[in-house]
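Observations on chain architecture
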Amino acid sequence: AQSVTQPDIHITVSEGASLELRCNYSYGATPYLFWYVQSPGQGLQLLLKYFSGDTLVQGIKGFEAEFKRSQSSFNLRKPSVHWSDAAEYFCAVGGYQKVTFGTGTKLQVIP
Amino acid sequence: GAVVSQHPSRVICKSGTSVKIECRSLDFQATTMFWYRQFPKQSLMLMATSNEGSKATYEQGVEKDKFLINHASLTLSTLTVTSAHPEDSSFYICSAPLGGSRANYGYTFGSGTRLTVV
């Protein structure tokens with residue numbers, strides 16, 4: 001069965017600081033991996049995805065993620081966080097059609 | 001492009017009544033749509049997969065008779081919460097795959113519906 005673990009429920013960073021959100025997955029084959037962002041009361045927006053090729057994936061809003069098969073990880077990074085990045089971030093793994101989401105990491109950005 | 005419009009964004013209903021939530025793909029055809037439920041401070045749980053022209057596929061533990069799904073056309077899927085009870089209060093989100101029915105292109109999501117049953 002596929003599963004996703006986001007070990008950090010809540011993270012606080014200072015504006016301008018770097019950010020790394022952790023994601024570990026379990027999947028029986030080559031996974032499709034996604035990161036989504038959700039603002040309060042809103043739907044989800046796709047930040048980036050990986051399904052083959054270069055293991056370092058660039059996304060929107062300056063985010064990137066690196067797929068490490070040996071560690072079953074797909075961590076999300078941003079070199080300099082902006083106040084508008086405060087939101088909840090979900091990692092997801094999917095195969096054909098079905099996608100499983102992690103429990104999310106809530107990001108707080110302080111001045 | 002690839003926008004899913006979900007309506008209503010918020011609804012309050014009395015216990016025992018039914019509520020219909022609509023998801024429309026605005027600029028693409030969605031042969032498949034997914035319905036998720038999100039509990040406070042929790043992740044999204046897939047409830048069911050709706051397929052245009054055929055019956056929906058429900059995840060284990062989801063009551064088919066309570067959560068009626070209809071995929072009437074290539075651009076419209078509806079979720080009806082029947083005989084709603086306070087425990088059905090939640091945030092419901094629909095999504096459609098960006099690359100046809102496959103997952104590898106990711107998904108586009110509706111903005112969600114906050115259902116409160118009083």
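Residues numbered from 1 in each chain as written. Chains lettered and ligands numbered in written order. Predicted model: local features only at pLDDT ≥ 70, side-chain atom pairs only at ≥ 80, totals over all residues. Heavy atoms only, no water.

Topic: the sheet that holds strand 7 (residues 67–73) of chain B
Residue and element names in this part refer to chain B. Reading across from one edge, 1-3-8-7 is the order of the 4 strands in this open sheet, with antiparallel pairing throughout. One side of each edge strand has no neighbouring strand; the edge strands of this open sheet are strand 1 (4–7) and strand 7. Here the average twist between neighbouring strands, direction ignored, is 15 degrees. Of the pairings in the sheet, the one linking strand 1 to strand 3 (residues 19–25) comprises 4 bridges and is antiparallel in character. Across the sheet, the residue bridging to V4 is S25, located in strand 3. (Pairing = 2+ DSSP bridges. Helix = DSSP H or I, 4+ residues; strand = E, 2+ residues; numbered from the N terminus. Axes fitted to C-alpha atoms, helices over the stretch in contact; angles between N-to-C directions.)

Quick notes on the environment of S89 of chain B
All names here are of chain B. Structurally, S89 is set in the loop between strand 8 (76–81) and strand 9 (90–99). A residue is classified by how much of its surface remains accessible, and S89, at 25% relative accessible area, is partly exposed. Considering only alpha carbons, one finds S89 and C13, 76 residues apart in sequence, at a separation of 9.6 Å. Apart from the residues lying within four places of it in its own chain, the contact partners of S89 are R37, L115, T116 and V117. A distance of 2.9 Å separates a polar side-chain atom of S89 from the backbone oxygen of P86. Of the polar contacts made by the side chain of S89, one reaches the backbone nitrogen of V117; its length is 2.9 Å. (Buried < 20%, exposed > 50% of the residue type's maximum accessible area, 1.4 Å probe, protein only. Contact = heavy atoms within 4.5 Å. Polar contact = N/O pair within 3.5 Å; in protein donor to acceptor, adjacent residues only side chain to side chain.)

Structural notes on the packing of aromatic side chains
Applying the stated criterion across every chain yields a total of 12 aromatic pairs over all chains. Each ring, one from F101 of chain A and one from Y36 of chain B, has its centre 5.4 Å from the other, and the planes form 90 degrees; the classification is edge-to-face. With F101 of chain A in strand 11 (residues 99–101) and Y36 of chain B in strand 4 (residues 32–38), this pair bridges two chains. Of the two residues, F101 of chain A and Y36 of chain B, neither departs from the other in class, the shared state being buried. Considering the side-chain rings of F67 of chain B and Y92 of chain B, the 6.3 Å spacing of their centres and the 45 degrees angle between planes classify their relative orientation as tilted. Taken as a pair, F67 of chain B in strand 7 and Y92 of chain B in strand 9 lie far apart in primary sequence, 25 residues in all. Given a relative accessible area of 5%, F67 of chain B falls into the buried group. Three or more aromatic residues joined by ring pairs form one cluster here, namely F34, Y36 and F101 of chain A together with Y36 and F109 of chain B. (Phe/Tyr/Trp six-rings, centres within 6.5 Å; stacked < 30°, edge-to-face > 60°.)

A look at the state of the cysteines
For the structure shown, the criterion picks out 2 disulfides over all chains. There is a disulfide in this structure between C23 of chain A and C91 of chain A, and the S-S distance comes to 1.9 Å. Given an S-S torsion of about -65 degrees, the disulfide between C23 of chain A and C91 of chain A has left-handed geometry. Placement of the pair is C23 of chain A in the loop between strand 3 (19–21) and strand 4 (24–26) and C91 of chain A in strand 10 (residues 87–94), with a sequence separation of 68 residues. On the basis of relative accessible area, C91 of chain A is assigned to the buried category, the value being 0%. Note that C23 of chain B is cross-linked by a disulfide to C94 of chain B, the S-S spacing being 1.6 Å. Its torsion about the S-S bond being -85 degrees, the disulfide of C23 of chain B and C94 of chain B is classed as left-handed. A residue pair is termed long-range when its members are at least 10 positions apart, and C23 of chain B in strand 3 and C94 of chain B in strand 9 qualify at 71 residues. Of the two residues examined, C23 of chain B and C94 of chain B, each falls in the buried class. No disulfide involves C13 of chain B; its nearest neighbouring cysteine sulfur is the one of C23 of chain B, lying 17 Å away. C13 of chain B gets classed as buried once you look at its relative accessible area, which sits at 8%. (Disulfide = S-S within 2.5 Å.)

This is a description of form; function is not addressed.
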